[in-house]
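# Architecture and fold: a report
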Amino acid sequence: MSKVALIRCESYDSEEVKAAVKRGIDLLGGANQFVSPGEKILLKPNWIMAVSPERCATTHPAIFGAVCEVFQEAGAVLSYGDSPGRGTEENETMEAARETGFLHVAEKLGIPIADFLHGRMLDTGTNEFYIANAALDSDGIISLPKLKTQGFLKLTGAVKNQFGCIPGRRKGAYHMQLPKPADFARMLVDLDKFLKPRLYVMDGIMAMEGNGPMNGDAKKMDTILLSSDPIALDATVARLVDVNPEYCYTVTMGMQAGHGTYLESEIALLGDPMESLISTSFNIDRNPISNVRGRGVFSFGNDAGVPRPYIEEMSCERCGICIEMCPLSPKALDWGGEGDAEPPEYDYARCIRCFCCQEMCPHGAVLIQEPRGM
C-alpha cells in the first residue's frame, strides 16, 4: 500500500504549518524515515517565475520553513532552490528566491541556495537529461510542489515538479521534441524516477485554479499532502479537485512505468478525512486531454478538436515573453507588421500546443481556447 497523508491546514501561520507538516511526516514514519544525520538533502520547491507568494503560483515559503525545521532537527544538511522557466543567469535565480519569500526564510535558518545554473548531461537509458548540479550533488531530494492547474497536462504536481531540475530554457527543447502530452508526461516520469525524491510535500493550502500554472485564481483548499509515492499523491490531488486521475497523463504513465499507483484500493489515506477536503467547484477542465498533437499538423481548418492558446488583447502588455518562450524555430507566434504596437500573432499551423506561452505570460494575457463543440 502506498501512503498519502492529508493534513488540514487553514492558514500559512508558521506554527500551524509546522505542526501540520510534522504531523504528516510522523504519519509516514517520521523524519528519520527519510533522512539520516549528516546527509545532504536538497529541498526542491516550485518557482515558476519570480513572483510573490500571494500569486499562488509558487510553493509558499511557510511550507519551506516548516520542512526545513523538521529535517534540520533530524540532522540533515539542507540546501534549496529551483530553476524558473526563464532562469538562465544567477540574478534571475536569486530574484526568484527573493520574490517568492524563500531567501528570507533560508537566511534565518542558515540554508544555502544550491546550484541550479550548471549541470551535467546524463543518460537514463530512455532519455538524455541535462540535470542541475544541485540535484546531482545531493544525497537525496525532498520535493515541495504546488497544487495548481496546468494547461498542457491539466495539473502540475509531484511528478512535474522535478522538471525544474533542468536548468532554465533547456526545458523548452523537451516541449519541441515531445509535443504530445502522453510522451511529455512519460519523459517527466522518467526524470522523476531517475532523481527519486524521498518525500513529496505539496502546498495545497491556497491552490491555483483556472488559468494556471501562472495566472489562475487563488482557491482555498486548506490542505497539505505528503507521500513518498508521487503517483499516489498526484492521483489523490486529482480526486480532491474532482478529476478522474486517469485523465492525468503523469499519473497513468507513472503507474505504467512502475513508479507508483493511482488505484484507490492500493492507497492508504492517512490524517484527515478526504471527504472534508474535496472541492467539486474547483475550476479545471474535467475532460480527457487530447493527445492528437504534433508539429505541422494544425491549421485553422483542422484543429477543431484540440485546445489552442490565444492572446486577450486588452490584457497584453507587449512584453514579448510569449515569443521568447516558444520553443520552436521559426516561432509559432511573433510580432505582426506593426511590431509590438499590436499583440503577437499565432501561426497555428506551426503551434505544437505546448502552452509555454500561456504558462510563462506574466500578465495573464494568454488563455486557452477549448475545442469547438465541447
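For the structure itself, consult the block above.
Counting restarts for each chain: residues are numbered from 1 in the order of the written sequence. Whole-chain, interface and lining totals are the exception, using all residues; otherwise, since this is a predicted model, local features are given only for residues with pLDDT of at least 70 and side-chain atom pairs are given and counted only at 80 or more. The side-chain numbers reported here are obtained from all heavy atoms of the structure, hydrogens and water having been left aside.

Judged by nonpolar contacts, the single largest core of 53 residues is most densely connected at L147, F163, F184, M187, L225 and V241. To qualify as a helix, a DSSP run of H or I must reach at least 4 residues; to qualify as a strand, a run of E must reach at least 2; elements of each kind are numbered from the N terminus. The leading source of residues in this core is helix α7 (residues 181-195), at eight residues. Any pair of residues with heavy atoms lying within 4.5 Å of one another is described as a contacting pair. In contact with L225, not counting residues within four places along its chain, are A5, L6, L147, Y200, V201, M202, L233, T236, V237 and L240. Listed in part, the 41 residues of the second largest apolar core include F34, L43, F64 and L226. Here, the term nonpolar core denotes a set of buried Ala, Val, Leu, Ile, Met, Phe, Trp, Tyr and Cys residues that are joined through side-chain atoms within 4.5 Å. With a 1.4 Å probe rolled over the protein chains alone, any residue whose accessible area is under 20% of its type maximum counts as buried; one over 50% counts as exposed, and the rest are partly exposed.

Okay, the packing of aromatic side chains next. Stacked, tilted and edge-to-face pairs are distinguished by plane angle, under 30 degrees for stacked and over 60 for edge-to-face with tilted covering the rest, among Phe, Tyr and Trp rings (Trp via its six-membered ring) whose centres lie within 6.5 Å. Here the structure, examined in full by the defined rule, presents ten aromatic pairs. Here W47 and Y80 contribute two aromatic rings whose centre-to-centre distance is 6.0 Å and whose plane-to-plane angle is 75°, an arrangement assigned as edge-to-face. Residue W47 is located in the loop between β2 (40-45) and α2 (61-73), and its partner Y80 is located in strand β3 (residues 77-80); the two are separated by 33 residues in the primary sequence. Assigned by exposure class, W47 and Y80 land together as buried. Both rings, one in Y346 and one in Y348, keep their centres 5.2 Å apart while their planes meet at 15°; by these two values the pair is stacked. Each member of the pair, Y346 together with Y348, is buried. The positively charged end of R170 is found above the aromatic ring belonging to Y130, 3.6 Å away from the centroid. Over the face of the ring belonging to Y348 we find R308, whose NZ or CZ atom lies 4.4 Å from the ring centre. Look at NZ for Lys and CZ for Arg. If either is within 6 Å of the ring centre and within 35 degrees of the ring normal, a charge sits over the ring.

Here the focus is helix α8 (residues 230-240). Here α8 lies mainly inside the structure; eleven of its eleven residues are buried. The opening residue of α8, the one whose side-chain oxygen lies 2.9 Å from the backbone nitrogen of I231, is D229. Where α8 terminates, the next one or two residues include D242, which has phi positive at roughly 65°. We call two N or O atoms a polar contact when they sit within 3.5 Å, provided that within protein one can donate a hydrogen and the other can accept it, with sequence-adjacent residues counted only if both atoms are side-chain atoms.

Turn by turn, an α-helix covers 3.6 residues, leaving residues three or four places apart pointing in a common direction. A helix is expected to span 1.5 Å for every residue after the first. Under the 1.5 Å per step criterion, the end-to-end length of helix α1 (residues 14-27) is 20 Å for 14 residues, consistent within 8% with the ideal 20 Å. When we look at burial in α1, the residues that qualify are V17, K18, A20, V21, G24 and I25. All buried residues of α1 project into a common sector of 165° when viewed along the axis, lining one side. On its buried face, α1 sits against β1 (2-8), α2, β9 (199-209) and β10 (217-227). The directions from the helix axis to the C-beta atoms are what the arc is built from.

Attention now goes to the environment of P344. Here P344 lies in the loop between β13 (333-334) and β14 (345-346). Classification of P344 as buried rests on a relative accessible area of 6%. It is 42 Å that separates the C-alpha atoms of P344 and D13, two residues lying 331 residues apart in sequence. When neighbours within four sequence positions are excluded, P344 is seen to be in contact with I311, C316, C322, I323, L333, D334 and W335.

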